[in-house]
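Chains, contacts and geometry: an overview
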Number of protein chains: 6
Amino acid sequence: MPFVNIKITREGATKEQKEKLIRGATQLLVDVLGKNPVTTVVVIEEVDTDNWGVGGESVTTRRNRS
Amino acid sequence: MPFVNIKITREGATKEQKEKLIRGATQLLVDVLGKNPVTTVVVIEEVDTDNWGVGGESVTTRRNRS
Amino acid sequence: MPFVNIKITREGATKEQKEKLIRGATQLLVDVLGKNPVTTVVVIEEVDTDNWGVGGESVTTRRNRS
Amino acid sequence: MPFVNIKITREGATKEQKEKLIRGATQLLVDVLGKNPVTTVVVIEEVDTDNWGVGGESVTTRRNRS
Amino acid sequence: MPFVNIKITREGATKEQKEKLIRGATQLLVDVLGKNPVTTVVVIEEVDTDNWGVGGESVTTRRNRS
Amino acid sequence: MPFVNIKITREGATKEQKEKLIRGATQLLVDVLGKNPVTTVVVIEEVDTDNWGVGGESVTTRRNRS
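A few points on the structure. (Residues numbered from 1 in each chain as written. Chains lettered and ligands numbered in written order. Predicted model: local features only at pLDDT ≥ 70, side-chain atom pairs only at ≥ 80, totals over all residues. Heavy atoms only, no water.)

1. Examining the arrangement of the chains
The following threshold applies: Residue contacts are defined here by distance: any two heavy atoms, one from each residue, within 4.5 Å place the two residues in contact.
The two partners chain B and chain E share no contact, and the minimum distance between any of their C-alpha atoms is 14 Å. Across all C-alpha pairs, the smallest distance from chain A to chain F is 14 Å, and the two are not in contact.

Structure below.
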């Protein structure tokens, strides 16, 4: 029954990459804690770079500057 | 002051259905814990089926297979 | 597969009250959206009143003042 | 390493306003707890007014009525 | 900069198991999306079985019945 | 009606520091977006250092090593 929430910046992750995140996170819970994969839920949230801040500025600004 | 976050797959929930979720969740907190509805907040998040995984695969893949 | 997260202040909610929250939130998703209750997850988080703020002050302070 | 999640209704917050939220929340953690700004993450989530409820009704409905 | 939140029932996960969850989730983001591990944050939340519901009842009740 | 969730490692933040976080986060939403402080909610979550990972290891391990 674990619940995994993965937040990443929205930068074109493909459907295949998301499948790998879902499969990998589920397997991790099985391997480490013996959780049942059938009831393990993974939710991926993609966040606009304007809305994600680190070091006191948005990722958009940070990228533009570098 | 309770805060309720409802995550569902994005599959066309209507405005009316969302109103019912908001009203029902608020009433539940009133009925069970005597909370003040005026300050009870409900946030509904709709997640693409590509981004929601269960059983190690996305809901998109699961639906396509069945 | 919905996921419901209920955050409340930690003020002695009983096991019976938590069961009612779990049952009620699950039934709400069944009634409004036809979701499968078997895979509906409800997580209740109880937060110390020192750590919950509203109106710019903690619930602890607000209660002491009134 | 703090993580700050700000949920607001989606009502046209500008890129500049989001920058101010990110900068301000990061600075708050520096000022109050001496946290390192470099590893402080701020994520802003904008939620449709249909999906945000308070007082048992959506913000959309509440606004239309007033 | 990804942020991963893993919610599990509180049932004695050891410090070593938590290290494996942290390492595994971080590596997953590196492998699938090429994210920088240095700024990848993983937060594990352990939830009492009274506070975790599935199928309309708490995990505590479900376990006692079986 | 904004909702702010601040996650920090559990390392002895005092009641006064938490009040400052609540006051500061609320004021930030007032100043930047003109939000109503009365309905702005701030929830602080303190997470054990064993349960907080960055750079692929727990904060506990990272601190012990340095």
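Following the structure, the description resumes.
2. Let's talk about the sheet that holds strand E1 (residues 3-9) of chain F
Heads up, the condition is: For two strands to be treated as a pair, DSSP must find no fewer than two bridges joining them. Helix and strand assignments follow DSSP, with helices taken as H or I runs no shorter than four residues and strands as E runs no shorter than two, numbered in order from the N terminus. Working convention: axes come from line fits to C-alpha atoms, limited for helices to the stretch in contact. Angles between N-to-C directions cover 0 to 180 degrees.
On the basis of which strands lie adjacent, the open sheet formed by 8 strands has the order E4(A)-E3(A)-E2(D)-E1(D)-E1(F)-E2(F)-E3(C)-E4(C) and mixed pairing. Two strands close off the open sheet at either side, each with one partner strand: strand E4 (57-58) of chain A together with strand E4 (57-58) of chain C. Sheet contacts for helix H1 (residues 15-33) of chain D: strand E3 (52-54) and E4 of chain A, strand E1 (3-9) and strand E2 (41-47) of chain D together with E1 of chain F; angle to E2(D), the most-contacted strand, approximately 140 degrees. Together, strand E3 (52-54) and E4 of chain C, E1 of chain D together with E1 and strand E2 (41-47) of chain F form the strand contacts of helix H1 (residues 15-33) of chain F, whose direction differs from that of E2(F) by roughly 140 degrees.

3. Remarks on the interface of chain A and chain E
Short version of the rule: What counts as buried area is the accessible surface, traced by a 1.4 Å probe, that two parts surrender upon association, with contributions from both included. Each salt bridge in this description consists of a side-chain nitrogen of Lys or Arg and a carboxyl oxygen of Asp or Glu lying within 4 Å of one another. Between N or O atoms, a polar contact is any pair within 3.5 Å; within protein, one atom must be a potential hydrogen donor and the other a potential acceptor, and residues adjacent in sequence are included only when both atoms are from side chains. Only Asp, Glu, Lys and Arg are considered charged in this grouping, and only Ala, Val, Leu, Ile, Met, Phe, Trp, Tyr, Cys and Pro are considered nonpolar; every other residue, Gly among them, is considered polar.
Every contact between the two is made by 25 residues of chain A and, on the other side, 25 residues of chain E. With both chains or domains summed, chain A and chain E bury close to 2,000 Å², and 75% of this area falls on carbon and sulfur atoms. For chain A, the biggest contributors to the area lost against chain E are Met1(A), Leu28(A) and Val32(A); these three give 27% of the whole. Between Glu11(A) and Lys35(E) there is a salt bridge; the shortest N-O distance is 3.7 Å. The tally of links between chain A and chain E comes to 7 residue pairs in polar contact (both at pLDDT 80 or more). Elements with a minimum of two residues in the side of chain A that touches chain E: strand E1 (3-9), helix H1 (15-33), E3 and helix H2 (59-65) of chain A. Per-class residue counts for the side of chain A that touches chain E are 16 nonpolar, 4 polar and 5 charged. Pairing analysis gives 5 bridges linking E1(A) to strand E1 (residues 3-9) of chain E, with the strands arranged antiparallel. Across the sheet, the residue bridging to Ile6(A) is Val4(E), located in E1(E).

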